[in-house]
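Read off the chains here:
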Amino acid sequence: MSQVYEPEGEGLSYLSHARYGKDKVRVFRVVRDSNWHTVVEYNVSALVEGDIEKSYTEADNSVVVATDSIKNITYYLAKTSPHVLHPERFALHLGTHLVSKYAHLTKAFISIEQLRWQRIPVAQGAGQDPKPHPHAFYRDGDDKRTVEAEIDASAGKDHIVARVSSGIKDLLVLKTTGSAFERFVRDEYTTLAEVDDRIFSTAVDLQYRFAPLRIPVPEDGEGRTFDPTFGGEQARGTPWDGDAVWDAARKVTLEVFALDESASVQATLYKMAQRIVAEQPHVQSVTYTLPNKHYVPVDMKYIGVDNTSPPKAEVFVPLSAPSGLISATVSRK
């Protein structure tokens, strides 16, 4: 006969925080408009908080919405939501449905990672310019678009507030000049040589945080249907306008990286973040994390060849580790 384990020291501890849900829900959605198809691929995490304490402390599952049900809700909304092609909007719909349908749940945390799919350009005949194919796609990069949304109904189901952060992950960039690293601290531990011209490469991790967004009470009370009255100038630059903000942030990142005569990764990072804050009035803070991707020139002095001085350095060894890791957050005053 099995025995129930009774821990000692019951009065010495308490449950201070609890959250659960479904992670790594993979979603691929095809939206068909006659012969013109549009696709999105997401990795979704949907977690919840609320009045769930007794599922931990009393082994009472009556307050547990099964993680399998949360997965099924994700797929249901991927099928029915008119917002599925827009990750910020879809995250808001999914989170609002979870906290609206279940009275005892007060917060939902939705994370979405969107993988890239681009239409294949195809020429329709000799001498014709290529045009995007209506239903054939290729993956044109490993960078991912990210969304993290907290949908907070702790002040009541009629006072739902969303806090959204979006960004980019694994955007690999490189330039072969226009970067230096000089006048840093030199002491007995310093072996790194100063350079006025070097390869600059990094895998960009960007996250920008929007101002909180008030979510209207869903008309159906449960959030199965989700049609908040955001539109026009009211929505511009908010999470509801996430596609345009993401596109602008990506362009800023690439443009500043390419054009800046970089004195350091830190200095270039700051310029990127400053510009996003300046151009996006609803963005409250911008965080970049930039790991150095080192390319070290091969020393060929043994054979009488100069491959180390900046004008002559042309053959490099890519080194993955150890690497510098530069991060900073720039916030609106």
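All values reported here derive from a predicted model rather than from experimental measurement.

Participant: Report on the overall build of the protein chain, specifying residues and quantitative values.
Facilitator: Scanning the protein chain from terminus to terminus reveals six helices and 13 strands. Against the 2.2 N^0.38 benchmark of 20 Å for 333 residues, the protein chain shows a C-alpha radius of gyration of 25 Å, more extended than a compact globule. Dimensions along the principal axes, computed over C-alpha positions, put the protein chain at roughly 80 × 70 × 50 Å. Across the 333 residues that make up the protein chain, the buried fraction comes to 39%. Taking as baseline every contact in the protein chain between residues at least 6 positions apart, the subset at least 24 positions apart corresponds to 66%. Put simply, the protein chain shows about 19100 Å² of open surface, and 52% of that area lies on carbon and sulfur atoms.

Participant: Tell me what's going on with the packing of aromatic side chains, and back it up with residues and numbers.
Facilitator: Taken as a whole and judged by the stated rule, the model has five aromatic pairs. Here F226 and W240 contribute two aromatic rings whose centre-to-centre distance is 6.0 Å and whose plane-to-plane angle is 65°, an arrangement assigned as edge-to-face. Taken together, the residues F226 in the loop between β9 (213-215) and α4 (232-235) and W240 in the loop between α4 and α5 (242-259) connect sequence positions 14 residues apart. Accessibility classification places F226 together with W240 in one group, the buried group. Over the face of the ring belonging to F109 we find R19, whose NZ or CZ atom lies 3.6 Å from the ring centre. Directly above the aromatic system of W117 lies the positively charged group of R139, at a separation of 4.4 Å from the ring centroid.

Participant: Please set out the pattern of salt bridges residue by residue, giving values where relevant.
Facilitator: Enumeration over the complete set of coordinates arrives at 22 salt bridges. A salt bridge links E150 to K107, with the shortest nitrogen-to-oxygen separation between them at 3.6 Å. You can see E150 sitting in strand β6 (residues 144-152) and its partner K107 sitting in strand β3 (residues 105-115), a full 43 residues away along the chain. Residues K169 and E113 are paired through a salt bridge, measuring 3.4 Å at the closest nitrogen-oxygen approach. Highlighted residues: K169 in strand β7 (residues 160-175) and E113 in strand β3, separated in sequence by 56 residues. You can call K169 partly exposed: its relative accessible area is 32%. Beyond isolated ion pairs, a larger network of salt bridges with shared partners links K107, E150, D152 and R163.

Participant: If you had to explain helix α6 (residues 265-279) to someone new, which residues and values would you point to?
Facilitator: With 15 residues, α6 ought to run about 21 Å at 1.5 Å a step, and its terminal C-alpha atoms sit 22 Å apart, in line with that. For α6, the full list of buried residues reads V265, T268, L269, M272, A273, I276 and V277.

Participant: Kindly report on the pairing of strand β2 (residues 36-50), identifying the contributing residues and their values.
Facilitator: Alignment of strand β1 (residues 20-33) against β2, held across 12 bridges, turns out to be antiparallel. Each bridged residue has a counterpart across the sheet, and for R32 the counterpart in β2 is H37. Linking β1 back to β2 in an antiparallel pair, the connection comprises two residues, with S34 at a positive phi of about 60°. Bridge count between β2 and β3: 10 bridges; the pairing is antiparallel. Counted as the bridge partner of G50 is L105 from β3.

Procedures and definitions
Residues numbered from 1 in each chain as written. Predicted model: local features only at pLDDT ≥ 70, side-chain atom pairs only at ≥ 80, totals over all residues. Heavy atoms only, no water. Helix = DSSP H or I, 4+ residues; strand = E, 2+ residues; numbered from the N terminus. Rg over C-alpha atoms; globule rule 2.2 N^0.38 Å. Buried < 20%, exposed > 50% of the residue type's maximum accessible area, 1.4 Å probe, protein only. Contact = heavy atoms within 4.5 Å. Areas by Shrake-Rupley, 256 points an atom, 1.4 Å probe, with all protein chains shown as cover. Phe/Tyr/Trp six-rings, centres within 6.5 Å; stacked < 30°, edge-to-face > 60°. Lys NZ or Arg CZ within 6 Å of the ring centre and 35° of its normal. Salt bridge = Lys/Arg side-chain N within 4 Å of Asp/Glu carboxyl O. Expected span 1.5 Å × (residues − 1). Pairing = 2+ DSSP bridges.

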